Amino acid sequence: ETGVTQTPRHLVMGMTNKKSLKCEQHLGHNAMYWYKQSAKKPLELMFVYSLEERVENNSVPSRFSPECPNSSHLFLHLHTLQPEDSALYLCASSQERALNTEAFFGQGTRLTVV
Amino acid sequence: AQKITQTQPGMFVQEKEAVTLDCTYDTSDQSYGLFWYKQPSSGEMIFLIYQGSYDEQNATEGRYSLNFQKARKSANLVISASQLGDSAMYFCAMREYSNTGKLIFGQGTTLQVKP
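The rules behind the values
- Within every chain, residues take consecutive numbers counted from 1 along the sequence as written.
- Chains and ligands are labelled by the order in which they are written, letters from A for the one and numbers from 1 for the other.
- Where local features are concerned, this predicted model is filtered to residues with pLDDT of at least 70; where side-chain atom pairs are given and counted, the filter is 80 or more; whole-chain, interface and lining totals use all residues.
- To obtain the side-chain values, all non-hydrogen atoms of the structure were used and water was disregarded.
- Elements are defined by DSSP. Helices are runs of H or I of four residues or more, strands are runs of E of two residues or more, and each kind is numbered from the N terminus.
- Every radius of gyration here is taken over C-alpha atoms, with the globule rule written as 2.2 Å times N^0.38, N being the number of residues.
- Two residues form a contact once any of their heavy atoms are found within 4.5 Å.
- To count as a disulfide, a pair of cysteine sulfur atoms needs to be within 2.5 Å.
- Buried, partly exposed and exposed residues are distinguished by accessible area as a fraction of the type maximum, computed with a 1.4 Å probe on protein chains only: under 20%, between the cut-offs, and over 50%, respectively.

Assigned secondary structure in chain A consists of zero helices and 11 strands. Written out in order from the N terminus, the α and β elements of chain A read β-β-β-β-β-β-β-β-β-β-β. What you see for chain A is a C-alpha radius of gyration of 13 Å, in line with the 13 Å of a compact globule of 114 residues. With respect to the principal axes defined by its C-alpha atoms, chain A has extents near 40 × 25 × 25 Å. The long-range share in chain A, meaning contacts at least 24 apart out of those at least 6 apart in sequence, stands at 53%.

Structural data, given as structure tokens:
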């Protein structure tokens, strides 16, 4: 149990579907992150939220839409995805600027776009 | 710009032997933290060890130690007495104080422990 919970663990969706990934943390952290991990590639940082405000968007296509309604919850809304979007999506949380504390990760959502 | 480089895509080690996984980084910040994570085939990211840029001693956590050479900007992970359960992907990562504290990851090294 890492303190960060992601749902669902697995998701298969068609290219015309709309779905959402959910991330929840009860560690009291003030920053949350979405990462994408494609096969045989390093983790790519997608979005950073600090104090519920988006502070970074790393050139992610608009078919990915994040939402952070409060400091404990983070969503990634998906619509009209492409097969190349199939990947492991990892959520993480941490204390912003607290260099000596690690980021805690959820177990990820393995997304397949068909 | 923040950058992490892991030059070993794959490594093999015999059970009970030690192995070193390489990591070099590039930053213009004076304050930063270096991390190693383990990712088994199940996908979760498991934190292993942390080294701060101002720490004078190398970090150790059980069988894990970090060989921190600040002048060379390297932060190699040493796993002693390898176990079969150590077979996994290993990622080096860095956080800069000035940059929202986000973690930037290297490409990863796949470690296989042979019985």
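On we go from here.
Positionally, Phe47(B) belongs in strand 6 (residues 46-52). For the pair Phe47(B) and Asp26(B), spaced 21 residues apart in sequence, the C-alpha to C-alpha distance is 21 Å. With residues up to four places along the chain from it excluded, the contact list for Phe47(B) reads Glu102(A), Phe35(B), Trp36(B) and Tyr37(B).

This part takes up the state of the cysteines. One pass over the structure, following the stated rule, counts two disulfides over all chains. Each sulfur of the disulfide joining Cys23(A) and Cys91(A) lies 1.9 Å from the other. Between Cys23(A) and Cys91(A) the disulfide shows an S-S torsion of about -75 degrees. By sign, it is left-handed. Here Cys91(A) lies in strand 9 (residues 87-94) and Cys23(A) lies in strand 3 (residues 18-25), a separation of 68 residues in the sequence. On the basis of relative accessibility, which here comes to 0%, the residue Cys23(A) falls in the buried class. A sulfur-sulfur distance of 2.0 Å marks the disulfide that ties Cys23(B) to Cys92(B). In this structure the cystine formed by Cys23(B) and Cys92(B) twists about its S-S bond by roughly -65 degrees; its chirality is therefore left-handed. Linking Cys23(B) in the loop between strand 3 (19-21) and strand 4 (24-26) with Cys92(B) in strand 10 (residues 88-96), this pair joins segments that are 69 residues apart in sequence. In this structure Cys23(B) comes out as buried when scored by relative accessible area, which is 0%.

Look at the link from Thr7(A) to Pro8(A): it is a cis peptide, with omega at -10 degrees. Note on placement: Pro8(A) falls in the loop between strand 1 (4-7) and strand 2 (10-13). The residue Lys73(B) is not glycine, and still its phi comes out positive at about 55 degrees. For Lys73(B), the location among the structural elements is in the loop between strand 8 (64-69) and strand 9 (74-79). On the basis of relative accessible area, Lys73(B) is assigned to the partly exposed category, the value being 28%.

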